[in-house]
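Reading the structure
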Amino acid sequence: MFEYTGDGIAFNLFGIGVHWYGILIVIGMLLGVWLSSREMEHKGMNGEVISDLALWVLPLGVVGARLWYVIFEPQRFHSLFDIINLRSGGLAIQGGVMMGILVSWIYLKRHQLPFLRVADCIIPFLPLAQSIGRWGNFFNNEAYGYAADVPWAVLINGKPHHPTFFYESAGDFLIFLFLWYYLRKRARTDGQTTMLYFVLYGVLRFVVEGFRTDSLYFGSLRVAQLLALAGLLLGLIGFAVLSKKGKKG
């Protein structure tokens, strides 16, 4: 079984606790940027574009992830400080992804770079970063599921629960492997790999979210599942359109 009984702090720096949650998110981001840059070069493009883009996408993506969480969980926040204090946890990856896509589209359009081609060089490494970052939930003792008497459960206050952070981490890693293989070996037109991410992550998130006990809700509906279905539909339609376009070309 998984169990963590610490306080989530990896070490102290000048008297300030540095949390595992933040460390793992940063590691995932930096690894994603490095691999995306190499993929750009593999495709014959300038890898430095990724570094420049990351200066905008990463911080604004965190802002998007935070705002999305605040919108659907306002009762947790009583002041502006509570909202900007990321050390307290509370990021919604789907909000971060949406903000990242918007910022990337604006940046690439302004620099006259092909959005889908660049997106394909980035998107396989997004689930890799997500896979790493999900372990931050483990160190925070959060993002777990309903009670479950299974050998791989996570222990929360001595009671076993579905380790939904692990389900998504493992699923994200498999998505990363598939998308990277697909991009290198199977993709026939720009954007196919990106659309497959929305399909595969949509399925994964919809299933895993059904086990979680800390979902954000819109009325009686889980927000993450609604977005997962929207992403799944977008991905299927986009993949079909791009595949048809590729055959005509």
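Reference entry: report on the structure contained in this document.

Digging into the overall build of the protein
The secondary structure content of the protein amounts to 10 helices and 6 strands. Taken over the C-alpha trace, the protein has a radius of gyration of 19 Å; the compact-globule value for 249 residues is 18 Å, and the two agree within 12%. Overall size of the protein, expressed as C-alpha extent along the three principal axes, is 60 × 40 × 35 Å. Burial status across the protein gives 46% buried among its 249 residues. Within the protein, contacts between residues at least 6 apart in sequence are counted, and of these 66% link residues at least 24 apart. As presented, the protein carries roughly 13,600 Å² of accessible surface, and 67% of it is formed by carbon and sulfur atoms. When the 21 basic and 16 acidic side-chain charges of the protein are each reduced to a single mean position, those positions are 12 Å apart.

A few points about the environment of Leu-200
In this structure, Leu-200 sits in helix 9 (residues 192-209). In this structure the C-alpha to C-alpha distance between Leu-200 and Lys-159, which are 41 residues apart in sequence, comes to 31 Å. For Leu-200, the residues in contact, after removing those within four places along its chain, are Ile-175, Phe-178 and Leu-179.

With respect to the packing of aromatic side chains
By the definition in use, this model includes 23 aromatic pairs. An angle of 45° between the planes, with centres 5.1 Å apart, marks the rings of Phe-2 and Phe-166 as tilted. Of this pair, Phe-2 sits in the segment before strand 1 (9-13) while Phe-166 sits in helix 8 (residues 164-185), placing them 164 residues apart in sequence. The exposure class of Phe-166 is partly exposed, given its relative accessible area of 29%. Ring geometry for Tyr-167 and Phe-211: centres 6.0 Å apart, planes at 75°, overall edge-to-face. A residue pair is termed long-range when its members are at least 10 positions apart, and Tyr-167 in helix 8 and Phe-211 in the loop between helix 9 and strand 5 (217-218) qualify at 44 residues. You can call Phe-211 partly exposed: its relative accessible area is 31%. Through successive ring pairs, a cluster of aromatic residues spans Phe-2, Tyr-4, Trp-20, Trp-135, Phe-138, Phe-139, Phe-165 and Phe-166.

A closer look at unusual backbone geometry
Positive phi outside glycine occurs at Gln-112, with the angle close to 55°. For Gln-112, the position within the fold is in the loop between helix 4 (93-110) and helix 5 (115-122). With relative accessibility at 73%, the residue Gln-112 sits in the exposed group. Positive phi values are uncommon outside glycine, yet Asn-157 reaches one of about 55°. Note on placement: Asn-157 falls in the loop between strand 3 (154-156) and strand 4 (159-161).

Observations regarding the pairing of strand 1
Inspection of the sheet shows strand 1 paired to strand 2 (residues 16-19) by 4 bridges, in the antiparallel sense. Its bridge partner being in strand 2, Leu-13 is matched across the sheet by Ile-16. The loop that links strand 1 with its antiparallel partner strand 2 comprises 2 residues; one of these, Phe-14, has a positive phi angle of about 55°.

Considering the pattern of salt bridges
Between side chains of opposite charge, a pair can form as their charged atoms come close. For the structure on display, the rule yields 7 salt bridges. Arg-205 serves as the salt-bridge partner of Glu-168, at 3.9 Å between the closest nitrogen and oxygen. Highlighted residues: Glu-168 in helix 8 and Arg-205 in helix 9, separated in sequence by 37 residues. Summarising the burial analysis for this pair, Glu-168 and Arg-205 share the class buried. Asp-214 serves as the salt-bridge partner of Arg-212, at 2.8 Å between the closest nitrogen and oxygen. In this structure Arg-212 comes out as buried when scored by relative accessible area, which is 9%. One continuous salt-bridge network, built from bridges that share partners, spans Arg-134, Glu-168, Arg-205, Glu-209, Arg-212 and Asp-214.

Calculation criteria
Residues numbered from 1 in each chain as written. Predicted model: local features only at pLDDT ≥ 70, side-chain atom pairs only at ≥ 80, totals over all residues. Heavy atoms only, no water. Helix = DSSP H or I, 4+ residues; strand = E, 2+ residues; numbered from the N terminus. Rg over C-alpha atoms; globule rule 2.2 N^0.38 Å. Buried < 20%, exposed > 50% of the residue type's maximum accessible area, 1.4 Å probe, protein only. Contact = heavy atoms within 4.5 Å. Areas by Shrake-Rupley, 256 points an atom, 1.4 Å probe, with all protein chains shown as cover. Lys, Arg positive; Asp, Glu negative; His and termini not counted. Charge placed at Lys NZ, Arg CZ, Asp CG, Glu CD. Phe/Tyr/Trp six-rings, centres within 6.5 Å; stacked < 30°, edge-to-face > 60°. Pairing = 2+ DSSP bridges. Salt bridge = Lys/Arg side-chain N within 4 Å of Asp/Glu carboxyl O.

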